[in-house]
Amino acid sequence: KWQQMSPALNAGRITAPLLMNAPDSEYVIGLQQYWEMRDHHRPVEMWIFPDEDHIKHQPVHRLVVYDRNVDWFNYWLREVRDPDPSKGPQYKRWDALRAERDASRR
């Protein structure tokens, strides 16, 4: 049954972009999912937070996660970009992920 339920083993069927905000104590668990999605040209991004638990407790990390999550959902679901010029690099990465995904569909 695990082969049917495993996101990593079914990465080719996943169509939703995936943003992973992992603590350094857990990120290894998500590496298979990350690389399988990359191998299938699915949009995925992983951020690793040092000295964190599953629930982020450091205020600066919480702020970064919340801010990036909002930008990620706006970008992928609403095609809206934050006009803040400091966020240009993230949109450049995400545009590349979108282009790779779209090219793999042809």
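Placed above this text is the structure.
Report follows, based on the coordinates. Every chain begins its residue count from 1, and numbering advances along the sequence as written. Since the coordinates come from a predicted model, pLDDT governs what is reported: local features require at least 70, and pairs of side-chain atoms require 80 or more to be given and counted, while whole-chain, interface and lining totals use all residues. The side-chain values count all of the structure's non-hydrogen atoms but skip hydrogen atoms and water molecules.

Considerations on the pattern of salt bridges
A side chain of one charge can pair with a side chain of the opposite charge when the charged atoms of the two come close.
Right, on to step 1. A pair is scored as a salt bridge if a Lys or Arg side-chain nitrogen falls within 4 Å of a carboxyl oxygen belonging to Asp or Glu. Taken as a whole, this structure holds 7 salt bridges when the rule is applied.
Right, on to step 2. One salt bridge connects Lys-87 with Asp-67, and the closest N-O pair in it is separated by 3.1 Å. A residue pair is termed long-range when its members are at least 10 positions apart, and Lys-87 in the loop between helix H3 (59-78) and helix H4 (88-105) and Asp-67 in helix H3 qualify at 20 residues.
Right, on to step 3. Across the salt bridge formed by Asp-71 and Lys-87, the nearest N and O atoms sit 2.8 Å from each other. Residue Asp-71 is located in helix H3, and its partner Lys-87 is located in the loop between H3 and H4; the two are separated by 16 residues in the primary sequence. For the pair formed by Asp-71 and Lys-87, the shared burial category is buried.
Right, on to step 4. A cluster of three or more residues bridged by salt bridges with shared partners is formed by Asp-67, Asp-71, Asp-82 and Lys-87. Elements are defined by DSSP. Helices are runs of H or I of four residues or more, strands are runs of E of two residues or more, and each kind is numbered from the N terminus. Each residue gets one of three labels from its accessible area relative to the maximum for its type: buried under 20%, exposed over 50%, partly exposed in between, using a 1.4 Å probe on protein chains only.

A short note on H4
It helps to recall that an α-helix has 3.6 residues per turn; residues three or four apart then point in one direction.
Right, on to step 1. Taking 1.5 Å per residue as the helical rise, H4 with its 18 residues ought to reach 26 Å, and the 26 Å between its terminal C-alpha atoms agrees with that figure.
Right, on to step 2. For H4, the elements touching its buried residues are helix H2 (27-39), strand S2 (44-49) and H3. The span expected for a helix works out to 1.5 Å for each residue beyond the first. Here a residue-residue contact requires only that any non-hydrogen atoms of the pair lie within 4.5 Å.

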